Amino acid sequence: MTKTAFITGASSGIGRATAVALAKAGFQLVVTGRRAERLQDLAQQLAPTPVHVLTFDVRDRAAVETAVASLPAEFQIIDVLVNNAGNAHGLAPIQDGDPNDWDMMLDGNVKGLLNVSRALLPGMTQRKQGHIINIGSIAGQEVYANGNVYCASKAAVAALTKGMRIDLLPHHIRVAEVNPGAVETEFSEVRFKGDNERAAKVYQGYEPLRAEDVADVIQFMVTRPPHVNVAEVLLLPAAQASATLINKE
Ligand code: NDP
Ligand code: 8X3
């Protein structure tokens, strides 16, 4: 039977590439994000793969619940959840940080992941079957200067992944985390609030990961046999050794 993957943040970057990869792997998809037009375009591009678009902000718990409740019968059994939606907002010393940016990161990257998981978990626990991939970051493992709240949000994703794996063990639900290093997506454009020149510099002088590289790993993880859980992956560009050490020779 065709499996269904539910991917948050599929309108761009890693989420979008994951949708493409999982469609190729034979999954049908629920793709989500705030930018409806992009998601509709993606759905068209993936035809004939069945794709259902849900538009919501992961921070809005009621909207998440309403969207999940609206799923048509053929998309209600979610086999794979990829909790990918998230972003960094700003890069500033803690004393200068904008509390609105803090809210965006903590409410989106942490509580958004919880909101979506909470909406889908009753079905998974009832069926005693499911596979959740949380997108963390190397920033959840190492704190770098001015990364403060973004790093904290991704450290929270790491802790939640472990907590979910423990709590969902009796329900036969696999929980795993992918922690990428530098991936060239819209991430830095969002972090630097549309300063595209500054964003481009993040990826200059070396070859960063492409969103497709991360999607490859996610595809591998979700196509393992049921007794295998690739629980944690740190995926770096070959030119990167730590959160801040990138060889730009
Ligand atoms: P992009 O900015 O390209 O994509 C982010 C995606 O998340 C978009 O589809 C966006 O959709 C969605 N999103 C963001 N905030 C919300 C929200 N509040 N509600 C709903 N959807 C939201 O960045 P990436 O693809 O790089 O980021 C994907 C994930 O990977 C993030 O969790 C990020 O932290 C993580 N990551 C990225 C790395 C990188 O170097 N790029 C490295 C390590 C981890 P829309 O705007 O349409 O709502
Ligand atoms: C994104 C990677 O190092 O810019 O999570 O925080 S980093």
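Because the structure is predicted, anything quoted here is derived from the model rather than measured.

A. The arrangement of the sheet that holds strand E9 (residues 232–235) in detail. Pairing is parallel across the open sheet formed by 7 strands, whose spatial order is E3-E2-E1-E4-E5-E6-E9. This sheet does not close on itself; its edge strands, each paired only once, are strand E3 (51–55) and E9. Neighbouring strand axes in the sheet, compared pairwise and without regard to direction, differ in orientation by 15° on average. Relative to strand E2 (residues 28–33), strand E1 (residues 4–7) is paired through 4 bridges, and the arrangement is parallel. Residue pairing in the sheet places Phe 6 in a bridge with Val 30 of E2. Packing against the sheet, helix H2 (residues 36–45) makes contact with E2 and E3, and its axis sits at approximately 175° to E3. Across the sheet, helix H4 (residues 99–127) is in contact with E1, strand E4 (80–83), strand E5 (130–135) and strand E6 (173–180); its angle to E4 comes to roughly 175°.

B. Focus on unusual backbone geometry. Residue Ala 47 is joined to Pro 48 through a cis peptide bond whose omega torsion reads 10°. Position of Pro 48 relative to the elements: it lies in the loop between H2 and E3. Even without being glycine, Lys 128 reaches a positive phi, approximately 55°. Here Lys 128 shows up in the loop between H4 and E5. In this structure Lys 128 comes out as exposed when scored by C-beta crowding, with 11 C-beta atoms within 10 Å. Non-glycine residue Lys 193 carries a positive phi angle of around 55°. Residue position: Lys 193 is located in the loop between helix H6 (187–191) and helix H7 (196–201).

About the criteria used
Residues numbered from 1 in each chain as written. Chains lettered and ligands numbered in written order. Predicted model: local features only at pLDDT ≥ 70, side-chain atom pairs only at ≥ 80, totals over all residues. Pairing = 2+ DSSP bridges. Helix = DSSP H or I, 4+ residues; strand = E, 2+ residues; numbered from the N terminus. Axes fitted to C-alpha atoms, helices over the stretch in contact; angles between N-to-C directions. Contact = placed C-beta atoms within 7 Å. Buried ≥ 20, exposed ≤ 12 C-beta atoms within 10 Å, placed from the backbone.

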